[in-house]
Amino acid sequence: MPGINQRTAAVIDPILSTHARGYRNLDFIAGILFPRVSIPNRSMRVLKFGKEAFRMLNTRRAPGADKKRIQYGYASDPVSLVQDALEGVVPIEHQEEALSIPGIDLGSGAVDMVLDVVDLGLEYDCASLARDAANYDANHKLALTGTDRWTDPTSDPAGDVQAAREAIRRTIGRYPNVLTLGPDTANALKNHPKVKDQFKYTSKDSITVEMLASFFDVAKVVVGSAVYLPETAADTAMASDVWGQDAILAYVPQTGDNFMVPAYGYTYELRGYPQVETPYFERSNDSWIYPTKVERRPYLVGAEGGFLFQNAGAP
């Protein structure tokens, strides 16, 4: 890249930025519970939704009388975005080797690596929100213990989820459409005798997430397989599951980039991000540097549209 140096590093690279906006790590599920929506500026307020749409209002009006009014959503706290910034490094030796092999783009690879790291942080933040029992009222959470845990063959996962479905419907008027599972919870369900009995006459050798979706009568079941190590942990340490041993049932509208629709949660992302600045060459280590940053934050905007099962996959 001739002519690129540190003086031009603040210029946004349109090709790499476009690549960054389209890149998604398929191992992460935060975007399913907390869909990413673009907001135009940092002065927005979080849009939350009340129960006006579900109240039986007297809308009759006498001639000449004032009309009743109903407000669509309400603005609560200001959106407080956080910026994550990280630089990908490509040594010039690697770049020279790659240039001899058609189809290898280490620049995009460096950006992808950076996005994987910052998206893992987002995955952790979303899981922390979804798994925090303090975010739910008493009717929208259940701490499973003893033989009620889904790892016990005598437990009743279908009954638990059915009761949770009705709790959500009676609160927001819609059935939930997504069930997210930690890996241990997913494995417990796939090996649960009541689940296996439901599909004993199918040709499948093992229970799939599609079969679990049918079993629980939801549109989608997803497994959060991401793991993390604390920054200071030793390389030999075992990683922890981001989504733990819990399960979260939620209503998530399939409307695309629109935060005006009532939902369980959203990730507000500043329009135009992620941004990848023009890469620059650093002589001290003979490497190309790819600065990348995002500005976003997940919010639980309608916890009453969700239900938390704690320790569902615990032994």
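Calculation notes
Residues numbered from 1 in each chain as written. Predicted model: local features only at pLDDT ≥ 70, side-chain atom pairs only at ≥ 80, totals over all residues. Heavy atoms only, no water. Helix = DSSP H or I, 4+ residues; strand = E, 2+ residues; numbered from the N terminus. Buried < 20%, exposed > 50% of the residue type's maximum accessible area, 1.4 Å probe, protein only. Areas by Shrake-Rupley, 256 points an atom, 1.4 Å probe, with all protein chains shown as cover. Phe/Tyr/Trp six-rings, centres within 6.5 Å; stacked < 30°, edge-to-face > 60°. Lys NZ or Arg CZ within 6 Å of the ring centre and 35° of its normal. Core = buried A, V, L, I, M, F, W, Y, C linked by side-chain atoms within 4.5 Å. Contact = heavy atoms within 4.5 Å. Polar contact = N/O pair within 3.5 Å; in protein donor to acceptor, adjacent residues only side chain to side chain. Pairing = 2+ DSSP bridges. Axes fitted to C-alpha atoms, helices over the stretch in contact; angles between N-to-C directions. Salt bridge = Lys/Arg side-chain N within 4 Å of Asp/Glu carboxyl O. Parallel < 35°, antiparallel > 145°, perpendicular 65-115°, else oblique. Left-handed = near helix turned anticlockwise from the far one by under 90°. Nonpolar A, V, L, I, M, F, W, Y, C, P; charged D, E, K, R; others polar.

A.B. asks: Any chance you could explain the overall build of the protein chain here in plain terms?
C.D. replies: Looking only at helices and strands, the protein chain has eight helices and 15 strands in total. Buried residues in the protein chain amount to 44% of all 315 residues. Summed over its atoms, the accessible surface of the protein chain is roughly 17,300 Å², and 51% of this surface lies on carbon and sulfur atoms.

A.B. asks: Looking at this structure, I do not really get the packing of aromatic side chains. What am I missing?
C.D. replies: Each aromatic ring pair is characterised by the separation of its centres together with the angle its planes make. Evaluated as defined, the whole model comprises eight aromatic pairs. Between Phe215 and Phe216 the ring centres are 4.9 Å apart and the planes differ by 85°, which places this aromatic pair in the edge-to-face class. Among the aromatic residues, those joined into a cluster by ring pairs are Trp150, Phe215, Phe216, Phe307 and Phe309. A cation over an aromatic ring shows up here: Arg165 above the ring of Tyr175, its NZ or CZ 4.3 Å from the ring centre.

A.B. asks: Is there a simple way to explain the nonpolar core in this structure?
C.D. replies: One broad rule of soluble globular proteins: the nonpolar side chains tend to lie buried together. With 27 residues, the main nonpolar core has Trp150, Leu179, Leu181, Leu212, Phe216, Leu249 and Phe309 as its most contacted residues. Look past the residues within four positions of Phe309 in its chain and what remains in contact with it is Leu142, Leu144, Trp150, Asp160, Val161, Ala164, Asp246, Ala247 and Leu249. Grouped together as the second largest cluster of nonpolar side chains are 23 residues, Cys126, Ala127, Val222 and Ala226 included.

A.B. asks: Would you mind showing me how to read the side chain of Asn177 here?
C.D. replies: Here Asn177 shows up in the loop between helix 5 (157-172) and strand 6 (178-181). With a relative accessible area of 14%, Asn177 lands in the buried category. Side-chain polar atoms of Asn177 contact the backbone oxygen of Val252, separated by 2.8 Å. Those residues in contact with Asn177 that sit more than four places away from it in its chain are Val218, Ala219, Lys220, Ala250, Tyr251, Val252 and Gln254.

A.B. asks: How should helix 8 (residues 209-216) be read in this particular structure?
C.D. replies: Residues of helix 8 that are buried include every one of Met211, Leu212, Ala213, Phe215 and Phe216, and no others. Buried-residue contacts for helix 8 involve helix 5, strand 6, helix 6 (183-190), helix 7 (193-198) and strand 7 (220-223). Phi turns positive one or two residues past the end of helix 8, at Asp217, with a value near 60°.

A.B. asks: In this structure, what is going on with the sheet that holds strand 10 (residues 247-250)? I would like to understand it.
C.D. replies: The pairing of strands in a sheet comes from backbone hydrogen bonds and takes either a parallel or an antiparallel form. Read across the sheet, five strands follow the order 5-15-10-6-7 without closing on themselves; strand pairing throughout is mixed. Of all the strands in the sheet, just strand 5 (141-143) and strand 7 have a single pairing partner and so form its edges. Looking at each pair of strands side by side, their axes are set apart by 10° on average, direction ignored. On top of the sheet, helix 5 reaches strand 5, strand 10 and strand 15 (306-310); it is set at about 150° to strand 15, its chief contact. Strand contacts of helix 8: strand 6 and strand 7, with the helix running at about 130° to strand 7, the strand carrying the most contacts.

A.B. asks: How do you make sense of the pattern of salt bridges when you look at a structure like this?
C.D. replies: Close approach of charged atoms lets side chains of opposite charge pair. Enumeration over the complete set of coordinates arrives at nine salt bridges. Counted as one network, the salt bridges with shared partners bring together Arg36, Asp119, Glu269 and Arg296.

A.B. asks: Sorry, what's going on with the environment of Phe34 here?
C.D. replies: In this structure, Phe34 sits in the loop between helix 2 (30-33) and strand 1 (36-39). Taking the C-alpha atoms as reference points, Phe34 and Glu123, 89 residues apart in sequence, are found 9.6 Å from one another. Apart from the residues lying within four places of it in its own chain, the contact partners of Phe34 are Cys126, Leu129, Ala130, Tyr264, Gly265, Tyr266, Thr267, Pro298, Tyr299 and Leu300.

A.B. asks: How should the pairing of strand 15 be read in this particular structure?
C.D. replies: The side chains of a regular strand alternate, residue by residue, between the two faces of the sheet. Within strand 15, four of the five residues are buried, which leaves it mostly tucked inside the rest of the structure. Across three bridges, strand 5 lies against strand 15 in parallel orientation. Note on strand 15: the bridge partner recorded for Ala143 is Gln310. For strand 10 and strand 15, the ladder comprises four bridges, and the chain directions are antiparallel. By the bridge assignment for strand 15, Ile248 is matched with Leu308.

A.B. asks: What exactly am I supposed to notice about the packing of helix 1 (residues 14-22) against helix 4 (residues 106-130) here?
C.D. replies: The relative placement of two packed helices comes down to the angle between their axes together with the axis-to-axis distance. The geometry of helix 1 relative to helix 4 is characterised by a closest axis approach of 10 Å and an angle of 40° between their N-to-C directions. Here helix 1 is positioned oblique relative to helix 4, judged by the angle of their axes. Seen along the crossing, helix 1 lies across helix 4 with a hand that is right-handed. Residue-level contacts link Leu16, His19 and Ala20 of helix 1 to Gly107, Ser108, Val111, Asp112 and Leu115 of helix 4. The class makeup of the residues in the contact of helix 1 with helix 4 is four nonpolar, three polar and one charged.

A.B. asks: Would you explain unusual backbone geometry in this entry?
C.D. replies: Most peptide bonds adopt trans geometry, and most residues besides glycine take a negative phi value. Residues Tyr273 and Pro274 are joined by a peptide bond in cis, for which omega reads 0°. Along the chain, the position of Pro274 falls in the loop between strand 11 (266-270) and strand 12 (275-276). Despite not being glycine, Asp217 has its phi angle at roughly 60°, a positive value. Note on placement: Asp217 falls in the loop between helix 8 and strand 7. Despite not being glycine, Asp286 shows a phi value in the positive range, around 50°.

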